[in-house]
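Topology and contacts: notes
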Amino acid sequence: MAERSELIRSVKGTRDLLPPETRLWQRVEDEARRVFAAYHFQEIRTPVLEQTSLFARSVGADTDIVSKEMYTFQDRDNEMLTLRPEATASVVRAYIEHSIYNQGGVHKLYYMGPMFRRERPQKGRYRQFYQIGAEVLGSDHPLIDVETLEMLVLFLERVGLREYNLLLNSVGCTHCRPEYVKALRRALEGVKASMCDDCQRRAETNPLRVLDCKVEADQPMIDKLPRIIDYLDPECKQHFERVKAELIQREIPYQITPRLVRGLDYYTRTTFEITSGALGAQNAVLGGGRYDGLAEMIGGPPTPGFGFAIGQDRLVLAVQQAGELGTGDALDAYIAWLGEAAFAPAQKLARELRREGFSIEISPEPMKLKKSMGIANKLQARFAIIIGEGELKGGRYQVKDMASGNQQEVGPSQIGAILRQKLRYLSAPAAVCTDSDE
Ligand code: AMP
């Protein structure tokens, strides 16, 4: 026998998502697809690999993401490639590359998938994490912002996240922001020497990024810096006022957060974040905003845009902690067959029920009834279907409700109908299960 080698483990900051938790991930994704479709969003799938310059130009060379966190490598033909740290830039690239703008009108796209950032791993922060995001391209109307936020609120309600804060800000535009940045630079002159090294550098290169600083000692100084909402030009101000008024109209509470500039260079006007108290230090569940200049940064025609990215890892964690998602799905039925004569009819029944969409488990080996029931219990089967000698003779199988212990004899062709009827009355396992058409 070969000597046992050292165990190869997953890469630091990455993790395996295992059942039954993967079922929760699927539910979140299913609900996102349903809610997004109701708002007429369509799915886009872009590559995980992109040219490095895509992110350097859009997210910004001075941001933490680009300067410290990207997984970048030189390909064999010397091209610089990056594992995407976010997907907005990719969606906008695809929109430009495929000339989707030529079709005119507004395009609403959503995506889900892994993103990569080399951050210090901790609970809720990973180097491979997952985002569910959406982008609206082709309109700068404030109602786009509001409608997208309304969709997010509905989605969070559907997945059962009820306790959260919507933080809101406006970061102005290329007209009014330079004035603000000037004021920021002036204010930083007085304090930057006492700030962290990163802030000292940012104060020179990209002062707005100082507002993203997480260093504890810098916070009191940052809190005293000028606020961008006091520098908005009349158009940006009007846009922001309309967003706020419409949110109030829709009874969506928000909290104005003047420091919220969201760590990426491409944002304009509305920025927002949703935080959840259930999450501890990494409390941002999702974030987003408007990015009216992004398309031009990467070589496209002027295309206003608005979008968000939900951190799926954190969302699942938050709804789990709120106790809303339950555990994985229980098995609909376990088929217990006793004796070789029952093998073929039991397999046939399993095949038929599975074709009808039930979740069924069956042993490949004959087993004693007691052992079969033990397995049915362990698998949390809602029903056990027992096929023994007596049942074969009588042409009716036992259908046992595992919770109550009640048992009834049912003809094989009727079992599907009986299961469907009974399962309908069992409580749905999760708040996100809103299919009520069955
Ligand atoms: P961002 O793309 O930075 O705007 O982030 C959007 C959301 O993605 C955040 O609110 C987080 O929920 C999530 N997120 C960002 N970075 C990570 C990470 N390293 N690990 C887990 N989730 C993350």
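Now for a quick tour of the structure. (Residues numbered from 1 in each chain as written. Predicted model: local features only at pLDDT ≥ 70, side-chain atom pairs only at ≥ 80, totals over all residues. Heavy atoms only, no water.)

1. Focus on the packing of helix α1 (residues 21-38) against helix α5 (residues 142-159)
- Orientation of α1 relative to α5, taken along the N-to-C sense of each, is 145°, at an axis distance of 10 Å. Along this stretch, α1 crosses α5, giving a crossing that reads as right-handed. Contacts between α1 and α5 pair Val28, Glu31, Ala32, Val35 and Phe36 from the former with Met151, Leu154, Phe155, Arg158 and Val159 from the latter.
- Considering only residue class, the contact of α1 with α5 consists of eight nonpolar, no polar and two charged. (Axes fitted to C-alpha atoms, helices over the stretch in contact; angles between N-to-C directions. Helix = DSSP H or I, 4+ residues; strand = E, 2+ residues; numbered from the N terminus. Left-handed = near helix turned anticlockwise from the far one by under 90°. Contact = heavy atoms within 4.5 Å. Nonpolar A, V, L, I, M, F, W, Y, C, P; charged D, E, K, R; others polar.)

2. Things to note about the sheet that holds strand β14 (residues 383-387)
- Spatially, β13-β12-β14-β15-β16 is the arrangement adopted by the five strands of the open sheet, whose pairing is mixed. Whereas interior strands pair on both sides, the edge strands pair on one side only; in this sheet they are β13 (360-362) and β16 (407-410). The sheet shows a mean angle of 25° between the axes of neighbouring strands, taken without regard to direction.
- Where strand β12 (residues 333-337) and β13 come together, three bridges link them in parallel fashion. Bridge pairing in β13 links Tyr334 to Glu361.
- Against the sheet, helix α12 (residues 343-355) touches β12, β13, β14 and β15 (397-401), its axis set at about 160° to β13.
- Contacts from helix α13 (residues 369-378) reach β12, β14 and β15, with the element oriented near 170° to β12. (Pairing = 2+ DSSP bridges.)

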